Amino acid sequence: MGKRQERLALRRQALLLKIQAERGLMTMHCQELKESMGMAGVATGLLGKAGQIVRQRPLLGGLAVAAILIFKPRRIFSFARSAILGWETWRGVANILQRVRADVSTSGKSS
């Protein structure tokens, strides 16, 4: 009976480790999903703003459509990807600068 209990204890331990690993994977996947949903929200907001601009300035919308038709769509998407990467980089740098400014102003007040 002792060997059976040992096997059950080992099986239980293995299952608990498996559960812990699966929870960790699920947490990672949920974080990735949240980030993707955030980007989808940003894209939706940008498309909504673009729609408002096109309704307010139809000539600008026509020019944008003409640009897409004249240039190859791959170039447009490549440019858009580069623009988004640049924007994200700028946002990251701006956040770092903001933190540095906050740290400097906080350290200046305490002195």
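Note on numbering: residues in each chain are counted from 1, in written sequence order. Side-chain atom pairs in this predicted model are given and counted only at pLDDT of 80 or more, local residue features only at pLDDT of at least 70, and totals for whole chains, interfaces and linings cover all residues. Think of the side-chain values as coming from all heavy atoms in the structure, minus any hydrogens and water.

**Q** Would you mind going over the overall build of the chain with me for this structure?
**A** Per the secondary structure count, the chain includes three helices and zero strands. Here the globule rule reads 2.2 Å times residues to the power 0.38, and the radius of gyration is calculated from C-alpha atoms. For the chain, whose C-alpha radius of gyration is 26 Å, the value lies well above the compact-globule estimate of 13 Å for 111 residues. Principal axes of the C-alpha set define a box for the chain whose edges measure 85 × 55 × 25 Å. Scored against the burial criterion, the 111 residues of the chain give a buried share of 1%. Asp and Glu are treated as the negative residues and Lys and Arg as the positive ones, with His and the ends of the chain left uncounted. Lys charges are placed at NZ, Arg charges at CZ, Asp charges at CG and Glu charges at CD. In the chain, which carries 19 positive and 6 negative side-chain charges, the distance between the mean positions of the two groups comes to 8 Å. A run of H or I in DSSP becomes a helix once it reaches four residues, and a run of E becomes a strand once it reaches two; helices and strands are each numbered from the N terminus. Per-residue accessibility, obtained with a 1.4 Å probe over protein chains only, is compared with the maximum for each type, and a residue is labelled buried under 20%, exposed over 50%, and partly exposed between these values.

**Q** Got a minute to help me understand the packing of aromatic side chains in this structure?
**A** Both the distance between ring centres and the angle between the ring planes are used here to describe each pair of aromatic rings. Pairing of aromatic rings covers Phe, Tyr and Trp, the last counted by its six-membered ring, and requires centre-to-centre distances within 6.5 Å; plane angles under 30 degrees mean stacked, over 60 mean edge-to-face, and any other angle means tilted. According to the stated counting rule, one finds zero aromatic pairs in the structure shown. A cation over an aromatic ring shows up here: Arg 91 above the ring of Trp 87, its NZ or CZ 4.7 Å from the ring centre. Placement of a positive charge over a ring is assigned whenever Lys NZ or Arg CZ falls within 6 Å of the ring centre and within 35 degrees of the normal to the ring plane.

**Q** Explanation requested: the layout of surface pockets in the structure shown.
**A** Sizing a probe to match a water molecule and rolling it over the atoms shows the empty space that remains. Cavities and pockets were defined on a 1 Å grid built from protein atoms only: a cavity is a group of points that admits a 1.4 Å probe but offers it no way out, a pocket is an open group of points flanked by protein on both sides within 12 Å along at least five of seven lines, and a lining residue is one with an atom within 4 Å of any such point. Grid points are joined across faces, edges and corners, and a volume is the space filled by probe spheres set on the points. Its boundaries defined by the atoms lining it, the largest pocket holds a volume of some 700 Å³. Those elements that place two or more of their residues in the lining of the largest pocket are helix H1 (2-56), helix H2 (58-70) and helix H3 (73-110). Ranked by residues supplied to the lining of the largest pocket, first place goes to H1 with eight residues. Residues are grouped as follows: Ala, Val, Leu, Ile, Met, Phe, Trp, Tyr, Cys and Pro are nonpolar; Asp, Glu, Lys and Arg are charged; every other residue, Gly included, is polar. Partitioned by chemical class, the residues of the lining of the largest pocket number 18 nonpolar, no polar and no charged.

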